[in-house]
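# Breakdown of the fold
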Amino acid sequence: MINLDRILGLLLLTLAVAYGWGAFNFPAAFAGPESVGPATFPKILAFLIGFCSVYMIVKPDTVEEGLKTKALPELLLVLAVLVLYVFIMEPLGFILATSLMVAVLCWRMGVKPFHAAITGLCSSTLVFLLFHFGLALPLPIGPWEAVWKL
């Protein structure tokens, strides 16, 4: 019997190697190669994905459930929300686009709509403030860019 965990682990390991390979082609950080730069996070992510995928290959789940057809519409909705998120990020800005994405995904996981909206707004605002002020990394502001610069 084919174990789906091993197949997924192999696919994720391939993705991790390709992602890590691409991260090593990023330009060196401004302060030198030993400092934190644009390649640091992708390298860490590639390592984590690789580690988890090797674990899935070596020790897969023993229960073989297969893909349930009831979950397919929810998976397609998540995929549609994530693709839409990519396209609305620039025009709406990070905070509003991320708020909508997190709220919809929370709502689909069973959270009440009001609580999902509050979760989306709070989490996107905190992440924006962390990136903008803490890490000095710019994120799209959207239509409020003129107000932001005042």
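Only a predicted model underlies this, so the values are computations on that prediction, with no experimental measurement involved.

When helices and strands are counted, the protein shows six helices and zero strands. Once local pairs closer than 6 in sequence are excluded, the contacts in the protein between residues at least 24 apart make up 56%. In the form shown here, the protein has an accessible surface area of approximately 11300 Å², with 77% of it arising from carbon and sulfur atoms.

A few words on the UniProt feature "transmembrane region" (unreviewed entry) in the protein. Here the UniProt-annotated "transmembrane region" (unreviewed entry) positions come out as residues 41-58, 70-88 and 118-141. For the annotated span residues 41-58, helix accounts for 100% and strand for 0% of the residues, and the straight-line distance between the end C-alpha atoms is 26 Å. Here residues 118-141 is 71% helix and 0% strand, with 19 Å between the C-alpha atoms at its ends.

So, about the side chain of Ser99. Relative to the helices and strands, Ser99 resides in helix H4 (residues 94-108). A polar atom in the side chain of Ser99 sits 2.7 Å from the side chain of Ser124. Excluding its chain neighbours within four sequence positions, the residues that come into contact with Ser99 are Phe94, Gly120, Leu121 and Ser124.

Let's shift gears to the nonpolar core. Residues Val81, Tyr85, Ile88, Met89, Phe94, Ala97, Met101, Val102, Ala103, Cys106, Ala116 and Phe128 constitute the largest nonpolar core, which totals 12 residues. Ranked by residue count, the leading element in this core is H4, at six residues. With residues up to four places along the chain from it excluded, the contact list for Ile88 reads Gly93, Ala97 and Leu100.

On to a nonpolar patch on the surface. A cluster of nonpolar residues, Leu72, Leu75, Leu76, Leu79, Val83, Val86 and Phe87, forms a patch on the protein surface that exposes about 690 Å² of accessible area. Locating Val83 in the fold gives a position in helix H3 (residues 72-92).

Take the environment of Phe87 next. By the element assignment, Phe87 lies in helix H3. The spatial distance from the C-alpha of Phe87 to the C-alpha of Ala97 is 9.3 Å, given a sequence separation of 10 residues.

Before going further, it helps to spend a moment on H4. For H4, spanning 15 residues, the distance from its first C-alpha to its last is 21 Å, which sits close to the expected 21 Å at 1.5 Å a residue. When we look at burial in H4, the residues that qualify are Phe94, Ala97, Thr98, Ser99, Met101, Val102, Ala103 and Cys106. Looking one or two residues beyond H4, the residue adopting positive phi is Gly110, at roughly 110°.

This paragraph deals with the environment of Ser99. Since its relative accessible area comes to 9%, Ser99 is described here as buried. A sequence separation of 22 residues divides Ser99 from Leu121, and the C-alpha atoms of the two residues are 4.8 Å apart.

Our focus in this paragraph is the packing of helix H1 (residues 4-23) against helix H2 (residues 40-58). Between H1 and H2, the shortest axis-to-axis distance is 8 Å and the interhelical angle comes to 160°. As judged from the angle between their axes, H1 and H2 are roughly antiparallel. As H1 packs across H2, the resulting crossing turns out to be left-handed. Contacts between H1 and H2 pair Asp5, Arg6, Leu8, Gly9, Leu10, Leu12, Leu13, Ala16, Tyr19, Gly20 and Ala23 from the former with Pro42, Lys43, Leu45, Ala46, Ile49, Gly50, Ser53, Val54, Met56, Ile57 and Val58 from the latter. Residues of the contact of H1 with H2, tallied by class, amount to 15 nonpolar, four polar and three charged.

Parameters at a glance
Residues numbered from 1 in each chain as written. Predicted model: local features only at pLDDT ≥ 70, side-chain atom pairs only at ≥ 80, totals over all residues. Heavy atoms only, no water. Helix = DSSP H or I, 4+ residues; strand = E, 2+ residues; numbered from the N terminus. Contact = heavy atoms within 4.5 Å. Areas by Shrake-Rupley, 256 points an atom, 1.4 Å probe, with all protein chains shown as cover. UniProt positions renumbered as here; feature names shortened; annotations may be inferred. Polar contact = N/O pair within 3.5 Å; in protein donor to acceptor, adjacent residues only side chain to side chain. Core = buried A, V, L, I, M, F, W, Y, C linked by side-chain atoms within 4.5 Å. Buried < 20%, exposed > 50% of the residue type's maximum accessible area, 1.4 Å probe, protein only. Patch = residues over 30% accessible without salt bridge, like charges linked within 9 Å, V, L, I, M, F, W, Y side chains within 5 Å. Salt bridge = Lys/Arg side-chain N within 4 Å of Asp/Glu carboxyl O. Expected span 1.5 Å × (residues − 1). Axes fitted to C-alpha atoms, helices over the stretch in contact; angles between N-to-C directions. Parallel < 35°, antiparallel > 145°, perpendicular 65-115°, else oblique. Left-handed = near helix turned anticlockwise from the far one by under 90°. Nonpolar A, V, L, I, M, F, W, Y, C, P; charged D, E, K, R; others polar.

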